[in-house]
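The primary structure of each chain is shown beneath.
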Amino acid sequence: MNLYSPYIEFNRKEWAGLKEHQVTLPLTEAELEQLKGLNEEVSIQEVEDVYLPLTHFIDLYARASRELDRLTASFMKKETLHTPYIIGIGGSVAVGKSTAARLLQALLARGKNKPKVDLVTTDGFLYPNAVLQEKGIMNRKGFPESYDIKSLIKFMGDVKSGKPEVQAPVYSHLAYDVIQGEEKTICQPDILIIEGINVLQVKRETPLLVSDFFDFSIYIDAEEEHIRHWYVERFKLLRQTAFQNKDSFFHQRFANINEEETIETANQIWQDINAKNLHENILPTKGRARLILKKEADHSIQQIQLRKL
């Protein structure tokens, strides 16, 4: 082990050994199936080995943060508002961020003190398709310029300041667009999870970064070739399922293409858009995360890195 590495590194066996003993896993196989994303492989054993120690670790950090807030308020002789502990989860398209976020939400909410845990994805802060088309950047959807960062920063600021109710826009993957007039209301949760490819990115147009509001951050990592393969496999499944829905944005374009065309199309989209975004904007943010979960070709997490600094 390199003592001078910026990370404390664990293999899966070492990490699994950190979980509290005699703790009953608060999740059934059926519930896990409901939380898993399309083409995402997560076993109950992985939940026990990786996610259970992680939730205990985050709970430790959250309790320490609340105690620090209490001591600070006592020192200043000022009453402070309840503010949520915010966790950011970033990583590439198709790497499994959404599944990780939903799993953490479920497990944290079933912790000892049954905290209120909310989850918001940054997809809702994409500009509507009409705006992207007007700006001529529809083919750059998912890149930094396609997000309304100012609105996202305002949302984060309102939540962190303890505002009783804060609204977040809602995104539909079926419509491939922000749903106009629909919002998700966040009411002072104990923990708020923010998931998205852009959560750790640096954006010059605002003096603050999204990550400035995080108390803890996680990057889901994997070799690019694995992620590309997962993306292609997911695209194949979507062609057989969601794209067959006439309300799907992609119905006319992809519902009736054959298997060979599906694979070719998915690989082209990966090469032209997702791989470029990964290298230019997502992968460079990995070092900003507090914790890195490294996945192997079978989707399993086998390495955990905790940043020291």
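Taking an unreviewed UniProt entry as the reference, the protein chain is identified by name as Pantothenate kinase belonging to Paenibacillus polysaccharolyticus. What UniProt records for the protein chain under Pathway (unreviewed entry) is the sentence "Cofactor biosynthesis; coenzyme A biosynthesis; CoA from (R)-pantothenate: step 1/5." Here the protein chain is described in UniProt, under the heading Subcellular location (unreviewed entry), as follows: "Cytoplasm".

Draft legend 1. The arrangement of the environment of E20 in detail. Assignment of secondary structure puts E20 in the loop between α1 (12-16) and α2 (29-35). Along the primary structure E20 and P53 are separated by 33 residues, whereas in three dimensions their C-alpha atoms are 7.3 Å apart. Dropping the residues within four chain positions of it, E20 is found in contact with H56 and K112.

Draft legend 2. Seen up close, the UniProt feature "binding site: ATP" (unreviewed entry) in the protein chain. With numbering aligned to this structure, UniProt lists the feature "binding site: ATP" (unreviewed entry) at G91, S92, V93, A94, V95, G96, K97 and S98. Mapped onto the fold, G91 is located in strand β2 (residues 85-91). For G91, a relative accessible area of 1% translates into the label buried. Excluding its chain neighbours within four sequence positions, the residues that come into contact with G91 are K97, G196, I197, Y219, I220 and I282. Among the structural elements, A94 can be located in the loop between β2 and α4 (97-109). Taking relative accessible area as the criterion, A94 reaches 12% and is therefore assigned buried. Among all residues touching A94, those that are not within four sequence positions of it are I227, W230, Y231 and R234.

Draft legend 3. How the structure looks around the sheet that holds strand β1 (residues 7-11). Pairing within the open sheet is mixed, and its seven strands lie in the order β1-β9-β8-β7-β2-β6-β3. Because the sheet does not close on itself, it has two edges, and the strands there are β1 and β3 (117-121). Taking each pair of neighbouring strands and ignoring which way they run, the sheet shows an average axis angle of 20°.

Draft legend 4. Focus on the pattern of salt bridges. A full pass over the atoms with the stated rule returns 17 salt bridges. A salt bridge links K294 to E223, with the shortest nitrogen-to-oxygen separation between them at 3.3 Å. Of the two residues, K294 sits in strand β8 (residues 291-295) while E223 sits in the loop between β7 (216-222) and α7 (224-240), which places them 71 residues apart along the sequence. With relative accessibility at 15%, the residue K294 sits in the buried group. One salt-bridge network, held together by shared partners, links E233, K236, R239 and E259.

Draft legend 5. Summary view of the layout of surface pockets. Quantified by volume, the second largest pocket comes out at close to 380 Å³. What lines the second largest pocket is a set of 19 residues, and nearest its centre among them are H56, D59, R110, G111 and K112. Of all elements in the fold, only α3 (44-76) and α4 reach the threshold of two or more residues within the lining of the second largest pocket. Element by element, the count of residues in the lining of the second largest pocket is highest for α3, at seven residues. In terms of residue class, the lining of the second largest pocket is made up of eight nonpolar, four polar and seven charged.

Draft legend 6. Focus on the side chain of N281. Relative to the helices and strands, N281 resides in helix α9 (residues 259-282). Discounting residues that sit within four places of it in the chain, N281 has contacts with F143, P144 and Q201.

Draft legend 7. Focus on the nonpolar core. I87, F155, I193 and I218 are the most contacted members of the largest nonpolar core, which has 84 residues in total. Counting residues per element, this core draws most heavily on α3, which supplies nine residues. With near-sequence residues (within four places) excluded, I193 lies in contact with I87, I89, A101, L104, Q105, L108, V117, D118, L119 and V120.

Draft legend 8. Examining helix α6 (residues 149-160) more closely. An ideal rise of 1.5 Å per residue puts 16 Å on twelve residues; α6 measures up with 16 Å between its terminal C-alpha atoms. Among the residues of α6, those classed as buried are I149, L152, I153, F155, M156, D158 and V159. Next to the buried residues of α6 lie β2, β3, β4 (166-172), β5 (177-186) and β6 (191-195). Phi for G162, located one or two positions after α6, is positive at around 90°.

Draft legend 9. Inspection of the packing of aromatic side chains at higher detail. Per the counting criterion, the structure on display carries 16 aromatic pairs. Where F235 meets F254, the ring centres are 5.3 Å apart and the plane angle is 70°; that geometry is what we call edge-to-face. With a gap of 19 residues between them, F235 in helix α7 and F254 in helix α8 (residues 251-254) connect regions that are remote in the sequence. No difference in accessibility class separates F235 from F254, as the two residues are buried. Pairwise contacts between aromatic rings join Y176, Y231, F235, F243, F249, F250, F254 and W270 into one cluster. Seen from the ring of Y176, K141 lies directly overhead, with NZ or CZ sitting 3.7 Å from the centre. Note that K295 overlies the ring of W230, its terminal NZ or CZ placed 5.3 Å from the centroid.

Conventions and cut-offs
- Note that residues are indexed from 1 along each chain, following the sequence as it is written.
- The model is predicted, so local features are restricted to residues of pLDDT at least 70 and side-chain atom pairs to those at 80 or more, both for listing and for counting; the totals for chains, interfaces and linings are taken over all residues.
- Heavy atoms throughout the structure, all of them, feed into the side-chain values; hydrogens and water do not.
- UniProt positions are given in the numbering used here, feature names are shortened, and annotations may be inferred rather than shown by experiment.
- Secondary structure elements are defined from DSSP: runs of H or I of at least 4 residues count as helices, runs of E of at least 2 residues count as strands, and each element is numbered from the N terminus.
- Should any heavy atoms of two residues lie within 4.5 Å, those residues are considered in contact.
- Only protein chains enter the accessibility calculation, which uses a 1.4 Å probe; a residue is then buried when its area is under 20% of its type maximum, exposed when over 50%, and partly exposed in between.
- We call two strands paired when DSSP finds no fewer than two bridges between them.
- Axes here refer to lines fitted to C-alpha atoms; in helices the fit is confined to the stretch in contact. Angles between the N-to-C directions go from 0 to 180 degrees.
- One side-chain nitrogen of Lys or Arg within 4 Å of one carboxyl oxygen of Asp or Glu is enough to make a salt bridge.
- Only protein atoms enter the 1 Å grid, on which a cavity is a set of points fitting a 1.4 Å probe that cannot get out and a pocket is an open set with protein on both sides within 12 Å along at least 5 of 7 lines, lining residues being those with an atom within 4 Å of a point.
- Grid points are joined across faces, edges and corners, and a volume is the space filled by probe spheres set on the points.
- Three categories are distinguished: nonpolar for Ala, Val, Leu, Ile, Met, Phe, Trp, Tyr, Cys and Pro, charged for Asp, Glu, Lys and Arg, and polar for the others, with Gly belonging to the last.
- In this text, buried Ala, Val, Leu, Ile, Met, Phe, Trp, Tyr and Cys residues form a nonpolar core when linked through side-chain atoms within 4.5 Å.
- Given the number of residues in a helix, its expected span is that number minus one, multiplied by 1.5 Å.
- Planes of paired rings set the category: under 30 degrees apart is stacked, over 60 is edge-to-face and the rest tilted, where pairs are Phe, Tyr or Trp rings (Trp by its six-membered ring) whose centres lie within 6.5 Å.
- For a lysine, the NZ atom is tested; for an arginine, the CZ atom; a charge sits over a ring if that atom is within 6 Å of the ring centre and within 35 degrees of the ring normal.

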